[in-house]
Amino acid sequence: RFLDNRLFATCSDDTTIALWDLRKLNTKVCTLHGHTSWVKNIEYDTNTRLLVTSGFDGNVIIWDTNRCTEDGCPHRKFFHTRFLMRMRLTPDCSKMLISTSSGYLLILHDLDLNKSLEVGSYPILRARRTTSSSDITSSGSSGPRAVGSPCHQSNSGPLSEKTLSRPSQREGGSPRNSLEVLTPEVPGERDRGNCITSLQLHPKGWATLLRCSSNTDDQEWTCVYEFQEGAPVRPVSPRCSLRLTHCIEEANVGRGYIKELCFSPDGRMISSPHGFGIRLLGFDTHCSELVDCLPREASPLREIRSLYSHNDVVLTTKFSPTHCQIASGCLSGRVSLYQPKF
């Protein structure tokens, strides 16, 4: 994740984050220690210059790059939840989305990164499509995830409202860091539950993109959900901030492995790992903007093109932000570059 034109951060399965300078890549600027398991996400708020990381220890940690030295950066735990998979900030940093392997999607609304969240210190918005009331967050660590089992199933449910206080709402809006717990609708899942393995956001902040697999690991889906903004929620009703708009079933090859998908820089296409290749998907056959083809009910994503060059399961794909180019990487370590011609 680039912090500016020369400084960038990387995260690793050795539990560390490293800062690098493009002008001197033979040594790290510094190494950041704070996570206790694999670190899987890096986000950055350019306004506050705060680095935000998440890992399989269930922690979201804030690093103050304004006070960075050779020994590291001051840091603090911002949030904790069990079975954390991925964490993203919306482009305007007004929301934080967290996906879990137990099928829950957590949304922190009206985000304030300067305030650490502990149980009892933030309001919760009632969950949608959830039945259990067991606690999935705590002030202590849940420990590292089982290696080789990224889709570990749990019966844990959303946060227990009995343990959470409800600060009064700010005038004209919801309280800062209001937590919403959702179980996103997934086709084919119904009552079997699902694991949310990959989480991406539309570059304009209009929607979120999820890769989900069923708990029985026999189905895999790519799903798009639009954000539904509305009036502040009442204490007795769910906020329901997401609506499923498009979806498509995937090949379900390489079970148990996480497949990272992505939006194109303009948000008109999705690149999705599909077996030993990738598929380019659109909201319609003309690659229209999402806002121009929002259906009343969930519609299938349209396959624009399939690209195959690997001899192993593709696990990740990414568009170039500046060129007509796509990269894909497979389980055996090969990276392929494509320049599609339409």
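Up top is the structure these notes are about.
As the structure is a computational prediction, the values presented were derived from the model and not from experiment.

Trainee: Explanation requested: the overall build of the protein chain in the structure shown.
Mentor: For the protein chain, the helix and strand inventory stands at zero helices and 24 strands. For the protein chain, the proportion of its 342 residues judged to be buried stands at 54%. Considering only residue pairs separated by 6 or more positions, the protein chain has 56% of its internal contacts joining residues 24 or more positions apart. With the model as given, the accessible surface of the protein chain reaches about 15,400 Å², and the carbon-plus-sulfur share is 48%.

Trainee: Would you mind going over the pattern of salt bridges with me for this structure?
Mentor: With the rule as written, the count across this model stands at 17 salt bridges. Two residues, Glu 43 and Arg 1, come together in a salt bridge whose shortest N-O distance is 2.5 Å. Of the two residues, Glu 43 sits in strand β4 (residues 39-45) while Arg 1 sits in the segment before β1 (7-11), which places them 42 residues apart along the sequence. Overall, the relative accessible area of 43% leaves Arg 1 in the partly exposed class. Between Glu 303 and Arg 279 there is a salt bridge whose closest N-O contact spans 3.6 Å. Of this pair, Glu 303 sits in strand β21 (residues 302-308) while Arg 279 sits in strand β19 (residues 277-282); the two residues are 24 residues apart in sequence, bridging distant segments of the chain. Its relative accessible area of 7% is what places Arg 279 among the buried residues.

Trainee: What exactly am I supposed to notice about the environment of Leu 209 here?
Mentor: Mapped onto the fold, Leu 209 is located in strand β14 (residues 207-214). Taking relative accessible area as the criterion, Leu 209 reaches 0% and is therefore assigned buried. Note: C-alpha distance between Leu 209 and Cys 262 (53 residues apart in sequence) is 7.7 Å. Ignoring anything within four residues of it in the chain, the contact list for Leu 209 reads Ser 198, Leu 199, Gln 200, Thr 222, Cys 223, Val 224, Leu 261, Cys 262, Phe 263 and Ile 270.

Trainee: Help me understand the sheet that holds β14, please; the structure alone is not making it clear to me.
Mentor: Whenever strands of a sheet pair, they do so through backbone hydrogen bonds, lying parallel or antiparallel. Reading across the sheet, the five strands line up as β13-β14-β15-β16-β20 and stay open at both edges, with mixed pairing between neighbours. Each edge of the sheet is formed by a strand with only one pairing partner; in this case those strands are β13 (194-201) and β20 (299-300). By the bridge criterion, seven bridges tie strand β15 (residues 220-227) to strand β16 (residues 242-249) in an arrangement that is antiparallel. Paired with Cys 223 across the bridge in β16 is Cys 247.

Trainee: How do you make sense of the nonpolar core when you look at a structure like this?
Mentor: Side chains of nonpolar character tend, in soluble globular proteins, to be buried together. In this structure, Val 52, Val 60, Phe 78, Phe 79, Met 96, Ile 98 and Leu 113 are the most contacted members of the largest nonpolar core, which totals 19 residues. Going through the elements one at a time, β5 (50-55), β6 (59-64), β7 (75-80), β8 (84-89), β9 (96-100), β10 (105-109) and β12 (178-182) are the ones with two or more residues in this core. In terms of residue count, β8 provides more of this core than any other element does, three residues in total. What Ile 98 contacts, discounting residues up to four positions off in sequence, is Val 60, Phe 79, Thr 81, Leu 84, Arg 86, Met 87, Tyr 104, Leu 105, Leu 106 and Leu 199. By size, the runner-up hydrophobic cluster in this structure holds 17 residues, among which are Leu 182, Trp 221, Tyr 225 and Phe 227.

Criteria and cut-off values
Residues numbered from 1 in each chain as written. Predicted model: local features only at pLDDT ≥ 70, side-chain atom pairs only at ≥ 80, totals over all residues. Heavy atoms only, no water. Helix = DSSP H or I, 4+ residues; strand = E, 2+ residues; numbered from the N terminus. Buried < 20%, exposed > 50% of the residue type's maximum accessible area, 1.4 Å probe, protein only. Contact = heavy atoms within 4.5 Å. Areas by Shrake-Rupley, 256 points an atom, 1.4 Å probe, with all protein chains shown as cover. Salt bridge = Lys/Arg side-chain N within 4 Å of Asp/Glu carboxyl O. Pairing = 2+ DSSP bridges. Core = buried A, V, L, I, M, F, W, Y, C linked by side-chain atoms within 4.5 Å.

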